[in-house]
Amino acid sequence: MLESRNISVFYGRHRALEDVSATVSKGEIVVMLGANGAGKSTFLRAIAGQTRKVEGGTVLMDGADITLSPPHEIVETGIALVPEDRGIFADLTVQENLILGAHPQRARALETENLERVLSLFPKLKQRPKQIVRTMSGGERQMVAIGRAMMSAPSILLLDEPSLGLAPVLCTELFRTLARIKETGVGIFMVEQNAKQSLAIADRGYLLDNGHIVGADTAKALAMDAKVQAAYLGE
Ligand code: ATP
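Residues numbered from 1 in each chain as written. Predicted model: local features only at pLDDT ≥ 70, side-chain atom pairs only at ≥ 80, totals over all residues. Heavy atoms only, no water.

Participant: Before we go on, may I ask you to explain the overall build of the protein chain in this structure?
Facilitator: Secondary structure assignment for the protein chain yields 11 helices and 10 strands. By the compact-globule yardstick of 18 Å for 235 residues, the protein chain fits well, its C-alpha radius of gyration being 17 Å. In terms of its C-alpha atoms, the protein chain occupies a principal-axis envelope of roughly 45 × 40 × 30 Å. A total of 235 residues make up the protein chain; the buried ones form 50% of that total. Once local pairs closer than 6 in sequence are excluded, the contacts in the protein chain between residues at least 24 apart make up 69%. Accessible surface for the protein chain amounts to roughly 10,900 Å². Of this, 52% is attributable to carbon and sulfur atoms. Positive and negative side-chain charges in the protein chain, numbering 26 and 27 respectively, have mean positions lying 3 Å apart. (Helix = DSSP H or I, 4+ residues; strand = E, 2+ residues; numbered from the N terminus. Rg over C-alpha atoms; globule rule 2.2 N^0.38 Å. Buried < 20%, exposed > 50% of the residue type's maximum accessible area, 1.4 Å probe, protein only. Contact = heavy atoms within 4.5 Å. Areas by Shrake-Rupley, 256 points an atom, 1.4 Å probe, with all protein chains shown as cover. Lys, Arg positive; Asp, Glu negative; His and termini not counted. Charge placed at Lys NZ, Arg CZ, Asp CG, Glu CD.)

Participant: Help me understand the pattern of salt bridges, please; the structure alone is not making it clear to me.
Facilitator: Opposite charge on two side chains lets them pair, provided their charged atoms get close. In this structure the tally under the stated criterion is 9 salt bridges. Where Arg204 meets Glu28, a salt bridge forms, and the shortest distance between an N and an O atom there is 2.8 Å. Here Arg204, found in strand S9 (residues 204–209), pairs with Glu28, found in the loop between strand S2 (14–24) and strand S3 (29–33); they are 176 residues apart in sequence, far enough to count as distant. Residue classification places Glu28 among the buried positions, given a relative accessible area of 13%. (Salt bridge = Lys/Arg side-chain N within 4 Å of Asp/Glu carboxyl O.)

Participant: Would you take a moment to explain the packing of helix H7 (residues 138–150) against helix H8 (residues 168–183) for this structure?
Facilitator: When two helices pack together, their arrangement is given by the angle between the helix axes and the distance between those axes. Following both chains from N to C, one finds H7 and H8 inclined at 15°, their axes separated by 10 Å at the closest point. Taken together, H7 and H8 sit at an angle that is classed as roughly parallel. For the element pair H7 and H8, the recorded crossing hand is right-handed. Listed contacts from H8 to Gly139, Gln142, Met143, Ile146 and Met150 of H7 are Leu170, Glu173, Leu174, Thr177, Leu178 and Ile181. Partitioned by chemical class, the residues of the contact of H7 with H8 number 7 nonpolar, 3 polar and 1 charged. (Axes fitted to C-alpha atoms, helices over the stretch in contact; angles between N-to-C directions. Parallel < 35°, antiparallel > 145°, perpendicular 65-115°, else oblique. Left-handed = near helix turned anticlockwise from the far one by under 90°. Nonpolar A, V, L, I, M, F, W, Y, C, P; charged D, E, K, R; others polar.)

Participant: When you look at the site of the ligand in this model, what are you seeing that I'm missing?
Facilitator: Taken together, 15 residues are adjacent to the ligand, and Gly37, Gly39, Lys40, Ser41 and Thr42 come closest. Gly37 places a main-chain nitrogen or oxygen 2.7 Å from an oxygen atom of the ligand. The separation between an oxygen atom of the ligand and a polar side-chain atom of Thr42 is 2.5 Å. Here the ligand, which alone exposes 630 Å², has 61% of that area covered by the protein. Going through the elements one at a time, S2 and helix H1 (40–47) are the ones with two or more residues in the shell around the ligand. For the shell around the ligand, the element with the highest residue contribution is H1, accounting for 4 residues. Here the residues of the shell around the ligand are counted per class, giving 4 nonpolar, 7 polar and 4 charged. (Near = heavy atom within 4 Å. Polar contact = N/O pair within 3.5 Å; in protein donor to acceptor, adjacent residues only side chain to side chain.)

Participant: Can you help me understand the side chain of Lys182 in this one?
Facilitator: Within the secondary structure, Lys182 sits in helix H8. Residues within four places of Lys182 in sequence aside, it is in contact with Gly27, Glu28, Ile29, Ile188 and Asp203.

Participant: Sorry, what's going on with H1 here?
Facilitator: Side chains of residues three or four places apart in an α-helix project in the same direction, reflecting 3.6 residues per turn. With respect to burial, H1 is a largely interior element, 7 of its 8 residues being buried. When H1 is considered as a whole, its buried residues turn out to be Lys40, Ser41, Thr42, Phe43, Leu44, Ala46 and Ile47. Phi for Gly49, located one or two positions after H1, is positive at around 75°.

See below:
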């Protein structure tokens, strides 16, 4: 289980997160909803060790304190982050991007098996291993980004707005794929603005507002909550 306990993050004197506690276990999907600027990306960066601005709280992976661990050590504990800009190499092929994802020690020995597993999750990538990523659609690039993260054999996958910029039909395909990844036993923690589709596949959710958790419940209960509907579901 990945757990943040009372995380606070400051940019100078600006408090981006205060006392944020959240968990995700293997085999579950958790979504964090919040408006622009609520602090969602900051939260993911903080638990992935990609910001030095954490000034309070603890991050635990399977009980081990990783709050101050550098990102490459955090990856070795089984956490993989797909950032909002996707972090892929546009001038390399699909297969080259995927293989680069197998760089962590924990994944090297199992590179061939992992590649098979990832390609079976993403049939479109399997059909075009030699395609240069720059020439792919937004949805396909997102698949490459998630596939690359999966090549590190994570037990917890962190996703920063995976559906951002995708056409509705591609969002549906993406969320279906995430549900299949969960079935393989991987835990997914994603931050999203697409409340409807993300809650539909999630087990639990958190609401983040102005750096604070203002709600936490099952995805089903959140989807039916009048306040959530007004704020995030446009109903
Ligand atoms: P979005 O959906 O727009 O990406 P978000 O919920 O992910 O928003 P963050 O990107 O985490 O929000 O930003 C939270 C707050 O912290 C914002 O007010 C933002 O301006 C501020 N912030 C983020 N990164 C920095 C930084 N490097 N330096 C200063 N302030 C920052």
